[in-house]
Amino acid sequence: MKKDIYIIWIGGIWVSAIARYYLAQWDSVYWDDISHSVLTNNLEKEWVIFCSLEEAYKKADISKVLYTEAVPKDNHELILANEKWTTIMSYPEALWEIANDKKLVAIAGTHGKSTTTSLTSLVLKNSNENFVAVVWTILKEFNNK
């Protein structure tokens, strides 16, 4: 079922990966950030809609608001989402929701996580497995996303 999702401060590599996951599910993604970057410009080209949360509520039936832990708890958009009784999830909660009913390969450590995750994702991409990869870097093998 298609959802309308709003993401506060989408510009981080990890949060933009979550946005792309929702887009791949044919959900609508709306966003705001305190600055623009190559990542946010690319997301706009991929149909992620830039607007305030107030505007998003006028355009869509926002069912979920996601945020990174860098967003302060007194952020006006978090407060508005609370007032509207919208489901609010941090990035780790959203990632857990995505992975909850799937087989999961998680790669952790101090150095080499992105490289190891990238290589693992490429192996899966070239297999018959149906998979979702959340890689904290941009890969040319995944259309520079």
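Each remark here, short or long, concerns the structure printed above.
Residues numbered from 1 in each chain as written. Predicted model: local features only at pLDDT ≥ 70, side-chain atom pairs only at ≥ 80, totals over all residues. Heavy atoms only, no water.

(A) Structural context of the packing of aromatic side chains. By the definition in use, this model includes two aromatic pairs. Judged by centre distance (5.5 Å) and plane angle (70°), the rings of tyrosine 21 and tyrosine 22 are edge-to-face. A relative accessible area of 13% places tyrosine 21 in the buried class. On the basis of relative accessibility, which here comes to 1%, the residue tyrosine 22 falls in the buried class. Lying across the ring of tyrosine 57, lysine 84 places its NZ or CZ 5.2 Å from the centre. (Phe/Tyr/Trp six-rings, centres within 6.5 Å; stacked < 30°, edge-to-face > 60°. Buried < 20%, exposed > 50% of the residue type's maximum accessible area, 1.4 Å probe, protein only. Lys NZ or Arg CZ within 6 Å of the ring centre and 35° of its normal.)

(B) Just the nonpolar core, in detail. Counting 18 residues, the largest nonpolar core has Ile7, Ile10, Tyr22, Val29, Val48 and Leu66 as the members making the most contacts within it. Listed by contribution, the elements that provide at least two residues to this core are strand S1 (4-8), helix H1 (13-24), strand S2 (28-32) and helix H5 (91-99). With residues near it in sequence (within four places) discarded, isoleucine 7 still touches Val15, Ala19, Val29, Tyr30, Trp31, Asp32 and Leu66. Judged by nonpolar contacts, the second largest core, of 16 residues, contains Trp9, Leu53, Ala56 and Leu80. (Core = buried A, V, L, I, M, F, W, Y, C linked by side-chain atoms within 4.5 Å. Helix = DSSP H or I, 4+ residues; strand = E, 2+ residues; numbered from the N terminus. Contact = heavy atoms within 4.5 Å.)

(C) Seen up close, the sheet that holds strand S4 (residues 62-67). An order of S3-S2-S1-S4-S5 is seen for the five strands of this open sheet, with the pairing classed as parallel. Only two strands of the sheet have a single neighbouring strand rather than two, namely strand S3 (49-50) and strand S5 (87-90). Pairing geometry for S2 and S3, over two bridges, is parallel. Note on S3: the bridge partner recorded for tyrosine 30 is isoleucine 49. (Pairing = 2+ DSSP bridges.)

(D) Geometry of the pairing of S1. Among the five residues of S1, five are classified as buried, and the element is accordingly described as predominantly covered. As judged from the five bridges shared by S1 and S2, these two strands associate in the parallel manner. When the bridges of S2 are listed, isoleucine 7 appears paired with tryptophan 31. With respect to chirality, the unit in which S1 leads through H1 into the neighbouring parallel S2 is right-handed. One ladder, built from five bridges, connects S1 with S4; its direction is parallel. Bridging across to S4, isoleucine 5 finds its partner in lysine 64. (Right-handed = clockwise from strand over helix to strand, strands pointing away.)

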